[in-house]
Amino acid sequence: MTQPAGPIPPLLLVGCGQMGSAMLAGWLADGLAPSVILDRHRADGPAPHRIVRQAADLPDDFTPALIVLATKPQKAAAVIPDIARFARRAPVLSVMAGKTVGGLAASLADAGAPGAVVIRAMPNTPAAIGQGMTVCYAPPAATEAERALCGRVLSAVGDTAWVEHEEQMDAVTAVSGSGPAYVFLLAELMEQAAVAQGLPPDLARRIARRTVSGAGALMEQSGVDAAELRRRVTSPGGTTQQALAVLMEPEAWPAAMDAAIRAATLRAHELAS
Ligand SMILES: NC(=O)c1ccc[n+]([C@@H]2O[C@H](COP(=O)([O-])OP(=O)(O)OC[C@H]3O[C@@H](n4cnc5c(N)ncnc54)[C@H](O)[C@@H]3O)[C@@H](O)[C@H]2O)c1
């Protein structure tokens, strides 16, 4: 899909917490036109962008090209009336887990924005350093220009992909949306195990973190399959083989990862309502 070149157009970012601020960091690095951030709990932000804490303070003369909805899914009902007047003129890009485009469009219609276009995306926090992975879904009613606009905004914070079926967004949420947390947990557990083997805590922390980030960078830069990269570390009869025999027991990591992704996918589905 061709994406418009040039700076990122003015955005109305609603919710600037962990995910909103991660995306904002990426947009600022890529050149963001003067934008407005609506967040209940944020007092300041980078000029020339404006921060407002309540909908009543949103400037009447502001015409965002896109409204990015990044509050918790549980806050959707509270923020929809705040953005309805802007959603009559600009598409809405929701990054909320679970919330469907149909459900959000219906709420916007009830709030006075019938026919509002909602596109969904599931980013992740490495967006803060331009290393995000975002998967998007657009309903058939969205125009090519609206899809391209969302693609432009999201490609500023990393890689993007699109799914054809909205139901797939739940599994995407479980894998790439939540996934950084699994990787950070891996670093935590490796650090704890290193200390248990007698290493000093600061060295344990350093080698666990660097191993995770270095392995990720190698996978990214080499493009080699993860399984092949794993094999290249595994000397026959060596240390890695002993460790993998524990981790790759069907009841160990394979079962745990499958159950974890299944639980997260189910939760994403539940968050729709
Ligand atoms: N954190 C992640 O890794 C991640 C990844 C992908 C998608 N998401 C999605 O992003 C959304 C936000 O998640 P988060 O982790 O950033 O949560 P968060 O709690 O860190 O951020 C939410 C922000 O919304 C603000 N807020 C709450 N009510 C508001 C209101 N009525 N008006 C304006 N602002 C309001 C809060 O002050 C807060 O800054 C969620 O829907 C989540 O599913 C998060």
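Residues numbered from 1 in each chain as written. Predicted model: local features only at pLDDT ≥ 70, side-chain atom pairs only at ≥ 80, totals over all residues. Heavy atoms only, no water.

The chain is annotated in an unreviewed UniProt entry as Pyrroline-5-carboxylate reductase from Gluconacetobacter diazotrophicus. If you open the UniProt record of the chain and go to Pathway (unreviewed entry), you find "Amino-acid biosynthesis; L-proline biosynthesis; L-proline from L-glutamate 5-semialdehyde: step 1/1." (UniProt positions renumbered as here; feature names shortened; annotations may be inferred.)

**Q** Looking at this structure, how should I read the overall build of the chain?
**A** Looking only at helices and strands, the chain has ten helices and eight strands in total. By residue count, 41% of the 273 residues in the chain fall in the buried class. Pairs at least 24 residues apart make up 63% of the contacts formed inside the chain by residues separated by at least 6 positions. Carbon and sulfur atoms make up 58% of the accessible area of the chain, which totals about 14,700 Å². Here the chain contributes 22 positive and 25 negative side-chain charges, whose respective centroids are spaced 5 Å apart. (Helix = DSSP H or I, 4+ residues; strand = E, 2+ residues; numbered from the N terminus. Buried < 20%, exposed > 50% of the residue type's maximum accessible area, 1.4 Å probe, protein only. Contact = heavy atoms within 4.5 Å. Areas by Shrake-Rupley, 256 points an atom, 1.4 Å probe, with all protein chains shown as cover. Lys, Arg positive; Asp, Glu negative; His and termini not counted. Charge placed at Lys NZ, Arg CZ, Asp CG, Glu CD.)

**Q** How should I be thinking about empty space enclosed by the protein in this particular structure?
**A** Here the idea is plain: a probe the size of a water molecule rolls over the atoms and shows the empty space left. Summed over the entire model, instances satisfying the criterion amount to one cavity of 30 Å³ or more. For the largest cavity, the calculated volume is near 40 Å³. Lining the largest cavity, in full, are Leu11, Leu13, Leu24, Trp27, Leu32, Ser35, Val36 and Ile37. Listed by contribution, the elements that provide at least two residues to the lining of the largest cavity are β1 (11–14), α1 (18–30) and β2 (36–38). Among the residues making up the lining of the largest cavity, the classes are represented as seven nonpolar, one polar and no charged. (1 Å grid on protein atoms, 1.4 Å probe; cavity = no way out; pocket = protein on both sides within 12 Å on 5 of 7 lines; lining within 4 Å. Points joined across faces, edges and corners; volume = space filled by probe spheres on them. Nonpolar A, V, L, I, M, F, W, Y, C, P; charged D, E, K, R; others polar.)

**Q** Help me understand the layout of surface pockets in this model?
**A** Its volume calculated, the second largest pocket comes out at about 1,000 Å³. Met19, Ala70, Thr71, Lys72 and Pro73 are the residues nearest the centre of the second largest pocket, which is lined by 40 residues in total. Listed by contribution, the elements that provide at least two residues to the lining of the second largest pocket are α1, α2 (76–87), α5 (168–177), α6 (179–196) and α10 (253–270). Partitioning the lining of the second largest pocket into residue classes produces 20 nonpolar, 13 polar and seven charged.

**Q** Can you help me understand the site of the ligand in this one?
**A** Close contacts around the ligand come from 21 residues, with Gln18, Met19, Asp39, His41 and Thr71 the closest. Between the ligand and Met19, the relevant distance is 2.7 Å, taken from an oxygen atom to a main-chain nitrogen or oxygen of the residue. Between the ligand and the protein, one listed contact pairs an oxygen atom with a backbone N or O atom of Ala97 at 3.0 Å. Coverage of the ligand by the protein amounts to 84% of the 820 Å² it exposes when considered alone. Because more than half of its atoms lie within 2 Å of the grid, the ligand is assigned to the second largest pocket. Classifying every residue of the shell around the ligand by side-chain character gives eleven nonpolar, six polar and four charged. (Near = heavy atom within 4 Å. Polar contact = N/O pair within 3.5 Å; in protein donor to acceptor, adjacent residues only side chain to side chain. Sits in = over half its atoms within 2 Å of the grid points.)

**Q** Sorry, what's going on with the packing of α2 against helix α3 (residues 101–110) here?
**A** Two measures define how a pair of helices packs: the angle their axes make with one another and the distance between the axes. Two elements in contact, α2 and α3, have axes whose closest approach is 8 Å; the angle formed by their N-to-C orientations is 65°. The angle between α2 and α3 falls in the class roughly perpendicular. The handedness of the crossing between α2 and α3 is right-handed. Packed against α2, whose contacting residues are Ala76, Ile80, Ile83, Ala84 and Ala87, the element α3 presents Leu104, Ser107 and Leu108 at the interface. Here the residues of the contact of α2 with α3 sort into seven nonpolar, one polar and no charged. (Axes fitted to C-alpha atoms, helices over the stretch in contact; angles between N-to-C directions. Parallel < 35°, antiparallel > 145°, perpendicular 65-115°, else oblique. Left-handed = near helix turned anticlockwise from the far one by under 90°.)

**Q** Even after reading the chapter, I still don't get the environment of Ala161, so can you show me in this structure?
**A** Looking at where Ala161 falls in the secondary structure, it is placed in strand β8 (residues 158–162). Note: C-alpha distance between Ala161 and Ala226 (65 residues apart in sequence) is 20 Å. Ignoring any residue separated from it by four or fewer positions in sequence, one finds Ala161 in contact with Met133, Thr134, Val135 and Cys136.

**Q** Honestly, the UniProt feature "binding site: NADP(+)" (unreviewed entry) in the chain in this entry has me stumped. Any pointers?
**A** Following the UniProt record, one finds the feature "binding site: NADP(+)" (unreviewed entry) at Ala70, Thr71, Lys72 and Pro73. Set against the second largest pocket, the annotated residues that line it come down to Ala70, Thr71, Lys72 and Pro73. Assignment of secondary structure puts Thr71 in the loop between β4 (66–69) and α2. Beyond its immediate sequence surroundings of up to four residues, Thr71 is in contact with Val14, Gly15, Val79 and Met96.

**Q** What's the story with α5 in this structure? I'm lost.
**A** One full turn of an α-helix is made of 3.6 residues, so residues set three or four places apart face in the same direction. Within α5, the full set of buried residues consists of Met169, Asp170, Val172, Thr173, Ala174 and Ser176. In this fold, the buried residues of α5 make contact with β6 (118–122), β7 (132–137), α6 and α10.

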